[in-house]
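Fold and contact review
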Amino acid sequence: MKNINNYLAKVLNVPLQNVNTCSLHYEVKKIPKNQFLLQYGEICRHIFFVEKGLLKMYSIDKNGKEHIIQFAPESWLISDRSSLYFNEKSNYYIEAVEDSEILLLHPDFFNKLVEQFPNSIERSDFLLQKHIRSLQNRINSLLGETAEERYMKFIKMYPDLLLRVPQWMIASYLGITPESLSRVRKELARKNFIPDNK
């Protein structure tokens, strides 16, 4: 469990010699591509940590169109927090984009971590605030930025996903059509093209 151990030690300040004891508070599950970890109308019971592979979280509107809220590659966490913490039926799907190895963290995972390792509380709070900031920035981006600006932010946030997901998924995340994304990419390629004058 290389990625979760690195996450616990480097991100949450769990002493390196103790990271293996944290395995008492999560389950390991292998998920084939296209399998769901959560579907619309279900109650979310876990926070999912991606040890290997890639997940996506999305909603489907009344016209059957998919809207991707988040991708979760290796070492990312993903969950429907409203469903998990308020015991509400989920409005989202969480699905494997690739064959994946997922850790199912129990809802009280971080509380138990803080009880056992008090030094991790500051980092845990910081991560929560960072997550909230990220959501606010994403809303602002969808409301007020151009497709090109959103695409550049996507590349910065998910630098290794361009070769791992189809263009329509990226377009869904950006809130634009695949055709619009194609135009954005062509325009960026044109701007960055430097002719050889030799």
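Residues numbered from 1 in each chain as written. Predicted model: local features only at pLDDT ≥ 70, side-chain atom pairs only at ≥ 80, totals over all residues. Heavy atoms only, no water.

In the nomenclature of an unreviewed UniProt entry, the chain is known as Crp/Fnr family transcriptional regulator of Chryseobacterium joostei.

1. A short note on the pairing of strand β7 (residues 93-96)
Burial of β7 is two-sided: the residues Tyr93 and Glu95 facing one way and the residues Ile94 and Ala96 facing the other way are all buried. In the sheet, strand β4 (residues 55-60) pairs with β7 via four bridges, with the strands oriented antiparallel. Pairing of lysine 56 across the sheet is with glutamate 95, part of β7. (Buried < 20%, exposed > 50% of the residue type's maximum accessible area, 1.4 Å probe, protein only. Helix = DSSP H or I, 4+ residues; strand = E, 2+ residues; numbered from the N terminus. Pairing = 2+ DSSP bridges.)

2. Regarding helix α4 (residues 121-144)
Helix length check: α4, at 24 residues, gives a terminal C-alpha distance of 35 Å against a target of 34 Å (1.5 Å per residue), a fit within 8%. Among the residues making up α4, those that are buried are Ser124, Arg138 and Ser141. Along its buried surface, α4 packs onto β5 (66-72), α3 (109-116), α5 (147-157) and α6 (167-174). (Expected span 1.5 Å × (residues − 1). Contact = heavy atoms within 4.5 Å.)

3. Quick word on the packing of α5 against α6
For the pair α5 and α6, the least separation of the axes is 10 Å and the interaxial angle reads 110°. With respect to α6, the axis of α5 lies roughly perpendicular. Taken as a pair, α5 and α6 cross one another with a handedness that is right-handed. Residues Arg150, Tyr151, Phe154 and Met157 of α5 form the contact with α6, whose own contacting residues are Ile170, Tyr173 and Leu174. For the contact of α5 with α6, the per-class residue count stands at six nonpolar, no polar and one charged. (Axes fitted to C-alpha atoms, helices over the stretch in contact; angles between N-to-C directions. Parallel < 35°, antiparallel > 145°, perpendicular 65-115°, else oblique. Left-handed = near helix turned anticlockwise from the far one by under 90°. Nonpolar A, V, L, I, M, F, W, Y, C, P; charged D, E, K, R; others polar.)

4. Some thoughts on the packing of α5 against helix α7 (residues 178-191)
Running from N to C, α5 and α7 point in directions that differ by 80°, and their axes come no closer than 10 Å. Considered as vectors, α5 and α7 are oriented roughly perpendicular to each other. Here Ala147, Glu148, Tyr151 and Met152 of α5 come into contact with α7, specifically with Leu181, Val184, Arg185, Glu187, Leu188 and Lys191.

5. Structural notes on the UniProt feature "domain: Cyclic nucleotide-binding" (unreviewed entry) in the chain
Those residues carrying the UniProt feature "domain: Cyclic nucleotide-binding" (unreviewed entry) are residues 25-114 in this numbering. Structurally, residues 25-114 comprises 13% helix and 44% strand, and the distance from its first C-alpha atom to its last is 13 Å. (UniProt positions renumbered as here; feature names shortened; annotations may be inferred.)

6. So, the sheet that holds strand β8 (residues 100-105)
Pairing within the open sheet is antiparallel, and its four strands lie in the order β1-β8-β3-β6. Two strands lie at the open edges of the sheet, namely β1 (26-31) and β6 (77-78), each paired on one side alone. The pairing of strand β3 (residues 47-52) with β6 spans two bridges and is classified as antiparallel. Bridging from a neighbouring strand, phenylalanine 49 pairs with leucine 77 of β6. Contacting β1, β3, β6 and β8, helix α1 (residues 2-11) crosses the sheet at an angle of about 120° to β3.

7. Considerations on unusual backbone geometry
Despite not being glycine, asparagine 34 has its phi angle at roughly 75°, a positive value. Mapped onto the fold, asparagine 34 is located in the loop between β1 and β2 (36-38). When its relative accessible area of 47% is taken as the criterion, asparagine 34 is described as partly exposed. Here the phi dihedral of serine 75 falls at roughly 75°; this positive angle occurs in a residue that is not glycine. Tracing the sequence through the fold places serine 75 in the loop between β5 and β6. Among the residues examined, serine 75 registers a relative accessible area of 27% and is labelled partly exposed.

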